[in-house]
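Report on the structure
Each chain, written out:
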Amino acid sequence: MKLQRKNRLRALSLGALAVSGALALTACGSDDTNSTGGGGSSSSAKAGNIKCDDAKGQLLGIGSSAQANAIDAWRQAYSQTCSGVQINYKPDGSGAGVTAFNQGQVAFAGSDSALKPEEVTASKKVCSSGQGIDLPMVGGPIAVAYNVSGVDNLVLDGKTLAQIFDSKITKWNDPAIAKLNPDAKLPSTKIQAYHRSDESGTTDNFTKYLKATAASDWKYEGGKAWQAKGGQSAQGSSGLAQQVKQTDGAISYFELSYAKDGVKTVDIDTGAAAPVKATTENASKAIADAKVIGTGKDLALSLNYATKAEGAYPITLVTYEIVCDKGNKADTLAATKSFLTYTASEEGQAALSDLGYAPIPTEINAKVRETVASIS
(Lines give C-alpha, C1' and ligand atoms only; values in the text may rest on other atoms or scores of the structure.)
Protein backbone atom coordinates (compact mmCIF):
# COMPACT_ATOMS: atom_id res chain seq x y z
CA MET A 1 0.00 0.00 0.00
CA LYS A 2 1.34 3.41 -0.91
CA LEU A 3 2.51 5.74 1.85
CA GLN A 4 0.02 8.40 0.81
CA ARG A 5 -2.87 5.99 1.20
CA LYS A 6 -1.54 4.76 4.55
CA ASN A 7 -1.43 8.31 5.84
CA ARG A 8 -4.95 8.98 4.59
CA LEU A 9 -6.29 5.87 6.31
CA ARG A 10 -4.51 6.72 9.54
CA ALA A 11 -5.84 10.24 9.46
CA LEU A 12 -9.31 8.86 8.93
CA SER A 13 -9.01 6.51 11.87
CA LEU A 14 -7.38 9.06 14.18
CA GLY A 15 -10.22 11.39 13.40
CA ALA A 16 -12.54 8.58 14.34
CA LEU A 17 -10.85 7.97 17.66
CA ALA A 18 -10.99 11.63 18.55
CA VAL A 19 -14.75 11.60 18.95
CA SER A 20 -14.98 8.23 20.64
CA GLY A 21 -17.67 6.50 22.65
CA ALA A 22 -18.93 9.72 24.25
CA LEU A 23 -21.40 9.87 21.38
CA ALA A 24 -23.46 6.84 22.32
CA LEU A 25 -26.04 5.50 19.91
CA THR A 26 -29.45 7.00 20.55
CA ALA A 27 -31.86 4.34 21.78
CA CYS A 28 -29.17 1.79 21.15
CA GLY A 29 -28.43 -1.16 23.39
CA SER A 30 -25.27 -3.19 23.74
CA ASP A 31 -25.08 -6.90 23.33
CA ASP A 32 -25.27 -7.19 27.11
CA THR A 33 -25.75 -3.77 28.69
CA ASN A 34 -26.99 -0.55 27.13
CA SER A 35 -24.01 0.74 25.22
CA THR A 36 -22.38 -0.12 21.93
CA GLY A 37 -20.17 -2.57 23.78
CA GLY A 38 -16.87 -1.66 22.22
CA GLY A 39 -16.33 2.09 22.40
CA GLY A 40 -16.92 2.81 18.74
CA SER A 41 -15.42 5.82 17.06
CA SER A 42 -16.34 8.64 14.76
CA SER A 43 -15.02 8.78 11.22
CA SER A 44 -13.59 11.99 9.76
CA ALA A 45 -14.83 11.30 6.24
CA LYS A 46 -15.28 14.47 4.21
CA ALA A 47 -18.80 15.74 3.70
CA GLY A 48 -18.39 15.60 -0.07
CA ASN A 49 -17.88 11.83 0.08
CA ILE A 50 -21.31 11.16 1.59
CA LYS A 51 -24.45 11.67 -0.50
CA CYS A 52 -27.61 12.10 1.54
CA ASP A 53 -29.91 12.25 -1.51
CA ASP A 54 -33.49 12.17 -0.14
CA ALA A 55 -32.57 10.40 3.10
CA LYS A 56 -34.48 11.49 6.18
CA GLY A 57 -36.17 10.14 9.29
CA GLN A 58 -35.16 7.25 11.54
CA LEU A 59 -33.21 4.18 10.42
CA LEU A 60 -33.25 1.25 12.82
CA GLY A 61 -31.00 -1.78 12.66
CA ILE A 62 -30.54 -4.73 15.02
CA GLY A 63 -28.03 -7.56 14.98
CA SER A 64 -24.38 -8.52 15.14
CA SER A 65 -22.40 -7.20 18.08
CA ALA A 66 -19.28 -8.00 16.05
CA GLN A 67 -19.83 -4.93 13.89
CA ALA A 68 -21.02 -2.57 16.65
CA ASN A 69 -17.81 -0.54 16.68
CA ALA A 70 -17.85 -0.23 12.89
CA ILE A 71 -21.50 0.83 12.78
CA ASP A 72 -20.87 3.41 15.51
CA ALA A 73 -17.98 4.97 13.56
CA TRP A 74 -19.98 4.94 10.33
CA ARG A 75 -23.08 6.35 12.02
CA GLN A 76 -21.19 9.27 13.50
CA ALA A 77 -19.46 10.16 10.25
CA TYR A 78 -22.69 9.85 8.28
CA SER A 79 -24.68 11.93 10.75
CA GLN A 80 -22.24 14.82 10.46
CA THR A 81 -23.35 15.24 6.85
CA CYS A 82 -26.86 13.80 6.78
CA SER A 83 -28.26 15.42 9.91
CA GLY A 84 -31.81 14.65 8.82
CA VAL A 85 -31.29 10.93 9.43
CA GLN A 86 -31.23 9.39 12.91
CA ILE A 87 -29.53 5.99 12.82
CA ASN A 88 -30.06 3.63 15.73
CA TYR A 89 -28.34 0.23 15.89
CA LYS A 90 -28.90 -2.30 18.65
CA PRO A 91 -26.12 -4.95 18.76
CA ASP A 92 -28.30 -7.67 20.29
CA GLY A 93 -26.72 -10.51 18.31
CA SER A 94 -27.12 -11.97 14.83
CA GLY A 95 -30.03 -14.20 15.80
CA ALA A 96 -32.00 -11.29 17.20
CA GLY A 97 -31.23 -9.24 14.11
CA VAL A 98 -32.54 -11.82 11.64
CA THR A 99 -35.65 -12.35 13.76
CA ALA A 100 -36.35 -8.61 13.95
CA PHE A 101 -35.82 -8.22 10.19
CA ASN A 102 -38.20 -11.04 9.34
CA GLN A 103 -40.80 -9.54 11.66
CA GLY A 104 -40.59 -6.23 9.81
CA GLN A 105 -39.25 -4.35 12.83
CA VAL A 106 -36.08 -2.93 11.24
CA ALA A 107 -34.83 -1.49 7.97
CA PHE A 108 -31.72 -3.66 8.06
CA ALA A 109 -30.19 -6.39 10.19
CA GLY A 110 -26.58 -7.28 10.87
CA SER A 111 -25.62 -10.96 10.86
CA ASP A 112 -22.30 -12.78 10.99
CA SER A 113 -23.93 -15.68 9.16
CA ALA A 114 -25.75 -15.59 5.85
CA LEU A 115 -29.50 -16.15 5.79
CA LYS A 116 -30.61 -19.77 5.82
CA PRO A 117 -33.11 -20.93 3.16
CA GLU A 118 -35.98 -20.92 5.66
CA GLU A 119 -35.03 -17.39 6.75
CA VAL A 120 -35.05 -16.22 3.14
CA THR A 121 -38.52 -17.73 2.75
CA ALA A 122 -39.72 -15.92 5.87
CA SER A 123 -38.28 -12.63 4.59
CA LYS A 124 -40.61 -12.68 1.58
CA LYS A 125 -43.49 -11.82 3.92
CA VAL A 126 -41.91 -8.44 4.76
CA CYS A 127 -40.11 -7.75 1.48
CA SER A 128 -43.03 -7.03 -0.85
CA SER A 129 -42.29 -8.69 -4.23
CA GLY A 130 -38.72 -9.42 -3.04
CA GLN A 131 -36.66 -11.15 -0.36
CA GLY A 132 -33.90 -10.59 2.13
CA ILE A 133 -30.36 -10.57 0.73
CA ASP A 134 -26.90 -10.70 2.32
CA LEU A 135 -24.47 -7.82 1.69
CA PRO A 136 -20.97 -8.48 3.11
CA MET A 137 -19.91 -5.22 4.75
CA VAL A 138 -17.47 -5.91 7.61
CA GLY A 139 -14.70 -8.50 7.80
CA GLY A 140 -12.29 -9.41 10.53
CA PRO A 141 -10.60 -11.99 12.71
CA ILE A 142 -12.27 -13.76 15.59
CA ALA A 143 -9.56 -13.55 18.21
CA VAL A 144 -9.09 -16.37 20.70
CA ALA A 145 -8.24 -14.41 23.84
CA TYR A 146 -6.80 -15.77 27.05
CA ASN A 147 -5.70 -14.76 30.53
CA VAL A 148 -3.03 -17.04 31.98
CA SER A 149 -0.62 -15.55 34.49
CA GLY A 150 2.99 -15.69 33.31
CA VAL A 151 2.11 -16.70 29.74
CA ASP A 152 2.55 -13.83 27.30
CA ASN A 153 2.66 -15.88 24.10
CA LEU A 154 0.46 -18.87 23.37
CA VAL A 155 0.01 -21.11 20.33
CA LEU A 156 -2.99 -23.39 19.88
CA ASP A 157 -4.48 -25.29 16.95
CA GLY A 158 -7.92 -26.49 15.94
CA LYS A 159 -7.59 -29.80 17.79
CA THR A 160 -6.55 -28.29 21.13
CA LEU A 161 -9.18 -25.56 20.87
CA ALA A 162 -11.89 -28.13 20.16
CA GLN A 163 -10.85 -30.15 23.20
CA ILE A 164 -10.61 -27.05 25.41
CA PHE A 165 -14.08 -25.80 24.49
CA ASP A 166 -15.54 -29.30 24.79
CA SER A 167 -14.12 -29.65 28.34
CA LYS A 168 -11.70 -32.42 27.31
CA ILE A 169 -8.60 -30.37 28.13
CA THR A 170 -9.10 -28.78 31.55
CA LYS A 171 -5.66 -27.62 32.75
CA TRP A 172 -3.33 -25.10 31.16
CA ASN A 173 -0.31 -27.39 31.53
CA ASP A 174 -1.99 -30.20 29.60
CA PRO A 175 0.57 -32.11 27.46
CA ALA A 176 -1.23 -31.16 24.24
CA ILE A 177 -0.85 -27.45 25.02
CA ALA A 178 2.71 -27.92 26.26
CA LYS A 179 3.68 -29.62 23.00
CA LEU A 180 2.63 -26.53 21.03
CA ASN A 181 4.38 -24.22 23.52
CA PRO A 182 7.70 -25.84 24.47
CA ASP A 183 9.21 -22.60 25.78
CA ALA A 184 6.24 -21.48 27.87
CA LYS A 185 5.95 -21.97 31.64
CA LEU A 186 2.41 -23.27 31.72
CA PRO A 187 0.71 -23.35 35.14
CA SER A 188 -1.67 -26.04 36.36
CA THR A 189 -4.42 -23.43 36.50
CA LYS A 190 -7.90 -24.68 35.64
CA ILE A 191 -9.10 -23.60 32.21
CA GLN A 192 -12.17 -21.37 32.31
CA ALA A 193 -13.66 -21.55 28.80
CA TYR A 194 -16.32 -18.93 28.06
CA HIS A 195 -18.83 -19.06 25.20
CA ARG A 196 -21.70 -16.84 24.09
CA SER A 197 -24.98 -17.25 25.97
CA ASP A 198 -26.96 -15.55 23.17
CA GLU A 199 -27.33 -16.73 19.59
CA SER A 200 -24.37 -15.36 17.70
CA GLY A 201 -22.83 -15.46 14.26
CA THR A 202 -19.47 -15.26 16.02
CA THR A 203 -20.23 -18.61 17.63
CA ASP A 204 -21.36 -19.96 14.27
CA ASN A 205 -18.09 -18.96 12.57
CA PHE A 206 -15.87 -20.07 15.45
CA THR A 207 -17.47 -23.52 15.56
CA LYS A 208 -17.26 -23.80 11.76
CA TYR A 209 -13.51 -23.41 12.19
CA LEU A 210 -13.46 -26.14 14.85
CA LYS A 211 -15.51 -28.46 12.65
CA ALA A 212 -13.34 -27.77 9.59
CA THR A 213 -10.04 -28.36 11.38
CA ALA A 214 -10.89 -30.88 14.11
CA ALA A 215 -13.91 -32.87 12.96
CA SER A 216 -12.92 -35.90 15.02
CA ASP A 217 -12.86 -33.78 18.19
CA TRP A 218 -15.77 -31.44 17.48
CA LYS A 219 -18.88 -33.54 16.91
CA TYR A 220 -21.46 -30.78 17.13
CA GLU A 221 -23.61 -29.64 14.24
CA GLY A 222 -22.86 -25.96 14.79
CA GLY A 223 -24.95 -22.85 14.34
CA LYS A 224 -25.56 -19.57 16.16
CA ALA A 225 -26.41 -21.30 19.47
CA TRP A 226 -23.60 -22.89 21.52
CA GLN A 227 -24.02 -26.66 21.68
CA ALA A 228 -21.07 -28.12 23.60
CA LYS A 229 -21.54 -29.08 27.24
CA GLY A 230 -19.73 -27.47 30.13
CA GLY A 231 -17.85 -24.22 30.18
CA GLN A 232 -19.25 -20.86 31.20
CA SER A 233 -21.17 -18.26 29.27
CA ALA A 234 -21.59 -14.51 28.95
CA GLN A 235 -23.78 -12.20 26.89
CA GLY A 236 -22.27 -10.66 23.79
CA SER A 237 -18.70 -10.10 22.71
CA SER A 238 -18.21 -7.39 25.31
CA GLY A 239 -19.38 -9.78 28.03
CA LEU A 240 -16.86 -12.42 26.95
CA ALA A 241 -14.08 -9.85 26.77
CA GLN A 242 -14.87 -8.69 30.30
CA GLN A 243 -14.72 -12.26 31.64
CA VAL A 244 -11.31 -12.84 30.05
CA LYS A 245 -9.97 -9.60 31.53
CA GLN A 246 -11.04 -10.45 35.07
CA THR A 247 -10.60 -14.24 35.23
CA ASP A 248 -7.23 -15.95 35.56
CA GLY A 249 -7.27 -19.10 33.45
CA ALA A 250 -9.95 -17.77 31.09
CA ILE A 251 -10.15 -18.32 27.35
CA SER A 252 -12.81 -17.17 24.94
CA TYR A 253 -13.50 -16.00 21.38
CA PHE A 254 -14.61 -12.59 20.14
CA GLU A 255 -13.83 -10.05 17.46
CA LEU A 256 -10.38 -8.50 17.50
CA SER A 257 -11.90 -5.05 18.09
CA TYR A 258 -12.80 -6.21 21.62
CA ALA A 259 -9.29 -7.53 22.37
CA LYS A 260 -7.86 -4.40 23.98
CA ASP A 261 -6.67 -3.06 27.33
CA GLY A 262 -3.98 -5.71 27.63
CA VAL A 263 -6.05 -8.71 26.48
CA LYS A 264 -3.72 -11.32 24.96
CA THR A 265 -4.63 -13.35 21.88
CA VAL A 266 -3.65 -16.83 20.73
CA ASP A 267 -1.51 -17.48 17.64
CA ILE A 268 -3.07 -20.23 15.54
CA ASP A 269 -1.05 -23.18 14.24
CA THR A 270 -2.68 -23.79 10.85
CA GLY A 271 -0.06 -26.16 9.49
CA ALA A 272 1.71 -23.32 7.71
CA ALA A 273 5.40 -22.64 8.31
CA ALA A 274 4.68 -20.41 11.30
CA PRO A 275 1.72 -19.83 13.65
CA VAL A 276 -0.53 -16.98 12.52
CA LYS A 277 -1.43 -13.97 14.64
CA ALA A 278 -4.91 -12.50 14.80
CA THR A 279 -4.52 -9.28 12.81
CA THR A 280 -6.71 -7.51 10.29
CA GLU A 281 -4.03 -8.00 7.62
CA ASN A 282 -3.87 -11.75 8.24
CA ALA A 283 -7.67 -12.02 8.26
CA SER A 284 -7.82 -10.14 4.96
CA LYS A 285 -5.60 -12.80 3.41
CA ALA A 286 -8.16 -15.44 4.35
CA ILE A 287 -11.23 -13.39 3.39
CA ALA A 288 -9.74 -12.56 -0.02
CA ASP A 289 -9.98 -16.28 -0.77
CA ALA A 290 -13.74 -16.29 -0.10
CA LYS A 291 -16.14 -17.26 -2.86
CA VAL A 292 -19.56 -15.71 -3.54
CA ILE A 293 -22.10 -18.52 -3.26
CA GLY A 294 -25.28 -16.43 -3.12
CA THR A 295 -27.56 -16.30 -6.14
CA GLY A 296 -29.17 -13.30 -7.78
CA LYS A 297 -28.46 -10.19 -5.73
CA ASP A 298 -27.53 -12.22 -2.66
CA LEU A 299 -23.79 -12.02 -1.96
CA ALA A 300 -23.35 -14.70 0.72
CA LEU A 301 -19.73 -15.89 0.94
CA SER A 302 -18.03 -19.22 1.60
CA LEU A 303 -14.93 -18.90 3.79
CA ASN A 304 -12.08 -21.42 3.91
CA TYR A 305 -11.66 -22.04 7.65
CA ALA A 306 -9.09 -24.78 7.06
CA THR A 307 -6.70 -22.62 5.04
CA LYS A 308 -3.00 -23.35 5.42
CA ALA A 309 -1.85 -20.40 3.34
CA GLU A 310 1.14 -18.59 4.80
CA GLY A 311 0.05 -15.71 7.01
CA ALA A 312 -3.69 -16.33 6.56
CA TYR A 313 -5.59 -16.20 9.85
CA PRO A 314 -8.29 -18.87 9.56
CA ILE A 315 -10.85 -17.88 12.24
CA THR A 316 -12.56 -15.06 10.43
CA LEU A 317 -16.06 -13.78 9.98
CA VAL A 318 -17.88 -11.55 7.56
CA THR A 319 -20.81 -9.52 8.83
CA TYR A 320 -23.66 -9.02 6.40
CA GLU A 321 -26.15 -6.20 6.27
CA ILE A 322 -29.47 -7.83 5.46
CA VAL A 323 -31.96 -5.80 3.45
CA CYS A 324 -34.81 -6.42 1.03
CA ASP A 325 -33.75 -6.50 -2.61
CA LYS A 326 -37.26 -5.23 -3.43
CA GLY A 327 -40.12 -4.06 -1.27
CA ASN A 328 -38.22 -1.93 1.23
CA LYS A 329 -40.48 0.40 3.21
CA ALA A 330 -40.91 3.73 1.45
CA ASP A 331 -40.14 5.78 4.57
CA THR A 332 -36.71 4.13 5.07
CA LEU A 333 -35.59 3.20 1.55
CA ALA A 334 -33.73 6.43 0.79
CA ALA A 335 -31.91 6.41 4.15
CA THR A 336 -31.05 2.72 3.84
CA LYS A 337 -29.54 3.18 0.39
CA SER A 338 -27.69 6.36 1.36
CA PHE A 339 -26.19 4.91 4.54
CA LEU A 340 -25.16 1.58 2.98
CA THR A 341 -23.74 3.39 -0.04
CA TYR A 342 -21.44 5.20 2.39
CA THR A 343 -20.48 2.09 4.41
CA ALA A 344 -19.57 0.24 1.21
CA SER A 345 -17.66 3.21 -0.21
CA GLU A 346 -13.88 3.45 -0.30
CA GLU A 347 -14.00 5.96 2.53
CA GLY A 348 -16.33 3.86 4.65
CA GLN A 349 -14.26 0.71 4.22
CA ALA A 350 -11.01 2.62 4.85
CA ALA A 351 -12.25 3.51 8.34
CA LEU A 352 -12.29 -0.17 9.37
CA SER A 353 -8.64 -1.15 9.61
CA ASP A 354 -7.61 0.73 12.73
CA LEU A 355 -10.83 -0.33 14.47
CA GLY A 356 -9.74 -3.97 14.36
CA TYR A 357 -11.70 -4.92 11.24
CA ALA A 358 -10.73 -6.03 7.75
CA PRO A 359 -12.21 -4.18 4.76
CA ILE A 360 -14.18 -6.32 2.33
CA PRO A 361 -11.96 -7.30 -0.64
CA THR A 362 -12.25 -4.86 -3.56
CA GLU A 363 -13.79 -7.25 -6.07
CA ILE A 364 -16.53 -8.35 -3.66
CA ASN A 365 -17.14 -4.81 -2.43
CA ALA A 366 -17.70 -3.59 -5.98
CA LYS A 367 -20.59 -6.06 -6.23
CA VAL A 368 -21.95 -4.81 -2.89
CA ARG A 369 -22.03 -1.21 -4.12
CA GLU A 370 -23.74 -2.28 -7.34
CA THR A 371 -26.38 -4.20 -5.38
CA VAL A 372 -27.03 -1.37 -2.90
CA ALA A 373 -27.67 0.97 -5.82
CA SER A 374 -30.27 -1.42 -7.18
CA ILE A 375 -32.41 -2.07 -4.09
CA SER A 376 -35.92 -0.69 -4.23
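Conventions and cut-offs
Residues numbered from 1 in each chain as written. Predicted model: local features only at pLDDT ≥ 70, side-chain atom pairs only at ≥ 80, totals over all residues. Heavy atoms only, no water. Helix = DSSP H or I, 4+ residues; strand = E, 2+ residues; numbered from the N terminus. Buried < 20%, exposed > 50% of the residue type's maximum accessible area, 1.4 Å probe, protein only. Contact = heavy atoms within 4.5 Å. Areas by Shrake-Rupley, 256 points an atom, 1.4 Å probe, with all protein chains shown as cover. Pairing = 2+ DSSP bridges. Phe/Tyr/Trp six-rings, centres within 6.5 Å; stacked < 30°, edge-to-face > 60°. pLDDT = per-residue confidence, 0-100. Salt bridge = Lys/Arg side-chain N within 4 Å of Asp/Glu carboxyl O. Axes fitted to C-alpha atoms, helices over the stretch in contact; angles between N-to-C directions. Parallel < 35°, antiparallel > 145°, perpendicular 65-115°, else oblique. Left-handed = near helix turned anticlockwise from the far one by under 90°. Nonpolar A, V, L, I, M, F, W, Y, C, P; charged D, E, K, R; others polar. Core = buried A, V, L, I, M, F, W, Y, C linked by side-chain atoms within 4.5 Å.

**A short note on the overall build of the protein**
Looking only at helices and strands, the protein features 12 helices and 13 strands. Among the 376 residues that make up the protein, the fraction classed as buried is 56%. Expressed as a percentage of contacts within the protein between residues at least 6 apart in sequence, the contacts between residues at least 24 apart total 77%. For the protein, the accessible surface area stands at approximately 15300 Å², while carbon and sulfur atoms represent 49% of it.

**Describing the pairing of strand β8 (residues 250-255)**
With respect to burial, β8 is a largely interior element, 6 of its 6 residues being buried. In this structure, strand β4 (residues 132-147) lies alongside β8, joined through 6 bridges in antiparallel fashion. Bridge pairing in β8 places Ala145 opposite Ser252. Relative to β8, strand β6 (residues 192-196) is paired through 2 bridges, and the arrangement is parallel.

**Here we look at the packing of aromatic side chains**
For any pair of aromatic rings, the description consists of the separation of the ring centres together with the inter-plane angle of the planes. Summed over the entire model, instances satisfying the criterion amount to 10 aromatic pairs. Pairing Phe165 with Trp226 gives two aromatic rings, centres 6.0 Å apart and planes at 65°, and the pair type is edge-to-face. Of this pair, Phe165 sits in helix α5 (residues 158-165) while Trp226 sits in the loop between α7 (201-213) and β7 (232-234), and the two are 61 residues apart along the sequence. Residue Phe165 is classed as buried on the basis of its relative accessible area of 3%. One aromatic cluster is present, formed by Phe165, Phe206, Trp218, Tyr220, Trp226 and Tyr253 through successive ring pairs.

**Digging into the confidence of the model for the protein**
Averaged over every residue, the pLDDT of the protein is 87; the share at 70 or more is 87%. Confidence drops under a pLDDT of 50 for residues 1-48, and excluding neighbours within four residues, the segment shows 102 contacts in the predicted structure.

**Some details on the pattern of salt bridges**
Between side chains of opposite charge, a pair can form as their charged atoms come close. In this structure the tally under the stated criterion is 9 salt bridges. The shortest N-O distance in the salt bridge between Asp217 and Lys159 comes to 2.8 Å. Of this pair, Asp217 sits in the loop between α7 and β7 while Lys159 sits in helix α5, and the two are 58 residues apart along the sequence. Overall, Lys159 belongs to the partly exposed group, its relative accessible area being 41%. Among the ionic pairs, Asp261 bridges to Lys245, the shortest N-O distance being 3.3 Å. Linking Asp261 in the loop between β8 and β9 (264-265) with Lys245 in helix α8 (residues 236-246), this pair joins segments that are 16 residues apart in sequence.

**A few points about the packing of helix α2 (residues 68-81) against helix α10 (residues 330-343)**
Interaxial distance between α2 and α10 falls to 10 Å at its minimum, and their mutual angle equals 115°. As judged from the angle between their axes, α2 and α10 are roughly perpendicular. Crossing of α2 against α10: the hand is right-handed. Judged by residue contacts, Ile71, Trp74, Arg75, Ala77 and Tyr78 of α2 engage Ala335, Ser338, Phe339, Tyr342 and Thr343 from α10. In the contact of α2 with α10, the residues fall into 7 nonpolar, 2 polar and 1 charged.

**Some remarks on the nonpolar core**
Core analysis: the biggest nonpolar cluster contains 60 residues, and Leu161, Phe165 and Ile251 have the highest contact counts within it. Elements that contribute at least two residues to this core include exactly β4, α5, β6, α7, α8, β8 and β13 (316-324). Ranked by residues supplied to this core, first place goes to β4 with 5 residues. Counting residues in hydrophobic clusters, the runner-up holds 33 residues, among them Ala73, Ile87, Ile133 and Val372.

**Section: α5**
In terms of residue burial, α5 counts as a mostly covered element, since 7 of its 8 residues are buried. Buried within α5 are the following residues: Gly158, Thr160, Leu161, Ala162, Gln163, Ile164 and Phe165. Downstream of α5 by one or two residues, Ser167 has phi in the positive range, about 60°.

**So, unusual backbone geometry**
Backbone geometry places Asp53, a non-glycine residue, at a positive phi of 50°. Looking at the element boundaries, Asp53 is found in the loop between α1 (3-18) and β1 (57-63). The backbone of Ser129 sits at a positive phi, close to 65°, despite the residue not being glycine. Within the element layout of this structure, Ser129 appears in the loop between α4 (117-123) and β4. With a relative accessible area of 67%, Ser129 lands in the exposed category.

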